[in-house]
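Structural features, examined
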Amino acid sequence: MKLSKLSIAIALTSTVFNPFYSYNAHSNTLMQAKHFDQANFLDSPTLKTREDITDYLVSEKLDGIRAYWNGKTLLTRSGKTIHAPSWFTGPLPNTALDGELWVARGKFQQVAQTVLDNKPNDDEWRSIKFMIFDLPSNSAPFEHRYQQLLNDINLTQIAHVSIVQQKIVTDITALEMQLKLLDESNGEGLMLHHRHNGYHPGRSDQLLKLKSYQDAEATVIGYTEGNGKFDNKMGALWVVTPDDITFKIGSGFKDVDRENPPAVGTTILFRYNGVTNSGIPRFARFIRIRNDLDI
């Protein structure tokens, strides 16, 4: 695919094509996590000292699709119906459940293709597990909600349902080691949930996500042409973030991505490690096109 040196009028397209101006990030009916800054862990009001890390239950962050079971219907985070087979939802209890539809580490695309299909494919759904991590309708502290999941709700007999395991770490060093081991196994990261936290819709200071990197979304607004081995292909994408930060992403692409790059106006997911003083993501690399903004 032959590309021009740069798509026309990047400054204009950053406004015209940026879906974040019109896209509302959905319902706040589910509890959502805030980022845990490993370098400055005291930014959380519930972490006054290093020892306070023991007040958190820690679990693996799963790279799947958030799913809410309201007792009758399986829904995405934004409230859209997930068309699961009847055999998948039939055994679920009347109790509301919060969890993740998941296959395995690194299998997000497989989950998305299966779960977001309006006509469920039984064979593909056989690989999906509903990983439960909370009880939204229960007002008890999280440690009690977790015990109720383990002891009081009959989920263990359902083959495609699992309860996400929660652990206590002794200190920050142990937390860092757990994250390192997870990184080496292609894991997504860790979730830290304060043992006394109630279930509150929206973002919670007591529910934190910890990763060795950050993920974010941006809109494609242009291209630069490749050279050398990338001659006549895309060299890099110009993108704009919801905060109007414009920058280039030149790594993380497969050959097929460079031959047929995401169209201008497309939302992509990228990964980075911190930001510069001007707010530009460091070491930004392309992960995938984000076709479904409301999952």
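Up top is the structure.
The notes below deal with the structure included here. (Residues numbered from 1 in each chain as written. Predicted model: local features only at pLDDT ≥ 70, side-chain atom pairs only at ≥ 80, totals over all residues. Heavy atoms only, no water.)

**A short note on the pattern of salt bridges**
- Per the counting criterion, the structure on display carries 13 salt bridges.
- Taking the shortest distance from any N to any O, the salt bridge between arginine 195 and aspartate 55 comes out at 4.0 Å. Of the two residues, arginine 195 is situated in the loop between β9 (190–194) and β10 (202–210) and aspartate 55 in the loop between β1 (31–35) and β2 (56–60); the sequence distance between them amounts to 140 residues.
- Judged by its relative accessible area of 25%, aspartate 55 is partly exposed.
- Among the salt bridges present, the one from aspartate 134 reaches arginine 145, with a minimum N-O distance of 2.6 Å. Of the two residues, aspartate 134 is situated in strand β6 (residues 129–134) and arginine 145 in helix α5 (residues 142–151); the sequence distance between them amounts to 11 residues.
- Overall, aspartate 134 belongs to the buried group, its relative accessible area being 2%.
- Using a relative accessible area of 0% as the deciding quantity, one classes arginine 145 as buried. (Salt bridge = Lys/Arg side-chain N within 4 Å of Asp/Glu carboxyl O. Helix = DSSP H or I, 4+ residues; strand = E, 2+ residues; numbered from the N terminus. Buried < 20%, exposed > 50% of the residue type's maximum accessible area, 1.4 Å probe, protein only.)

**A word on the environment of phenylalanine 88**
- Among the secondary structure elements, phenylalanine 88 is positioned in helix α2 (residues 86–89).
- The sequence separation of phenylalanine 88 and isoleucine 158 amounts to 70 residues, and the corresponding C-alpha distance is 9.1 Å.

**Here's the deal with the pairing of β2**
- Taking burial as the measure, the 5 residues of β2 include 4 buried ones, the bulk of the element.
- Here β2 pairs with β9 via 5 bridges, running antiparallel. Directly across from serine 59, in β9, lies its bridge partner methionine 191.
- As judged from the 2 bridges shared by β2 and strand β8 (residues 167–168), these two strands associate in the antiparallel manner. Among the inter-strand pairings, valine 58 is bridged to a residue of β8, identified as lysine 167. (Pairing = 2+ DSSP bridges.)

**Comments concerning the environment of tyrosine 199**
- With respect to the helices, strands and loops of the structure, tyrosine 199 is situated in the loop between β9 and β10.
- Along the sequence, tyrosine 199 and leucine 135 sit 64 residues apart, while their C-alpha atoms lie 7.9 Å from each other.
- Residues in contact with tyrosine 199, not counting those within four places in the same chain, are Thr29, Leu30, Met31, Arg66, Asp98, Asp134, Leu135, Pro136, Asn138 and Arg145.
- At 3.2 Å, the side chain of tyrosine 199 and the backbone nitrogen of methionine 31 are in polar contact.
- Side chain to side chain, tyrosine 199 and aspartate 98 meet in a polar contact 2.6 Å long. (Contact = heavy atoms within 4.5 Å. Polar contact = N/O pair within 3.5 Å; in protein donor to acceptor, adjacent residues only side chain to side chain.)

**Remarks on the packing of aromatic side chains**
- Throughout the structure, instances matching the rule amount to 6 aromatic pairs.
- Arranged with centres 4.9 Å apart and planes meeting at 65°, the rings of phenylalanine 88 and tryptophan 125 form a pair that is edge-to-face. Taken together, the residues span a long stretch of sequence, with phenylalanine 88 in helix α2 and tryptophan 125 in helix α4 (residues 122–125) at a distance of 37 residues.
- Through a chain of ring-to-ring contacts, three or more aromatic side chains come together here, namely Trp87, Phe88 and Trp125.
- Above the ring of tryptophan 87, the side-chain terminus of arginine 126 is found at 3.9 Å from the ring centroid.
- A cation over a ring is seen here: arginine 258 above phenylalanine 230, with NZ or CZ 4.0 Å from the ring centre. (Phe/Tyr/Trp six-rings, centres within 6.5 Å; stacked < 30°, edge-to-face > 60°. Lys NZ or Arg CZ within 6 Å of the ring centre and 35° of its normal.)

**A short note on the side chain of asparagine 197**
- One can find asparagine 197 in the loop between β9 and β10.
- Residues in contact with asparagine 197, not counting those within four places in the same chain, are Met31, Ala140, Pro141, Phe142, Arg145, Ser204, Gln206 and Leu207.

**Quick look at the sheet that holds strand β14 (residues 267–272)**
- The sheet built from 5 strands is open, its strands ordered β13-β12-β11-β14-β15 with antiparallel pairing. Only two strands of the sheet have a single partner each, and these edge strands are β13 (246–249) and β15 (285–289). Geometrically, the sheet is characterised by an average inter-axis angle of 45° between neighbouring strands, direction not taken into account.
- Alignment of strand β11 (residues 214–225) against strand β12 (residues 234–240), held across 6 bridges, turns out to be antiparallel. Bridging from a neighbouring strand, threonine 219 pairs with valine 240 of β12. (Axes fitted to C-alpha atoms, helices over the stretch in contact; angles between N-to-C directions.)

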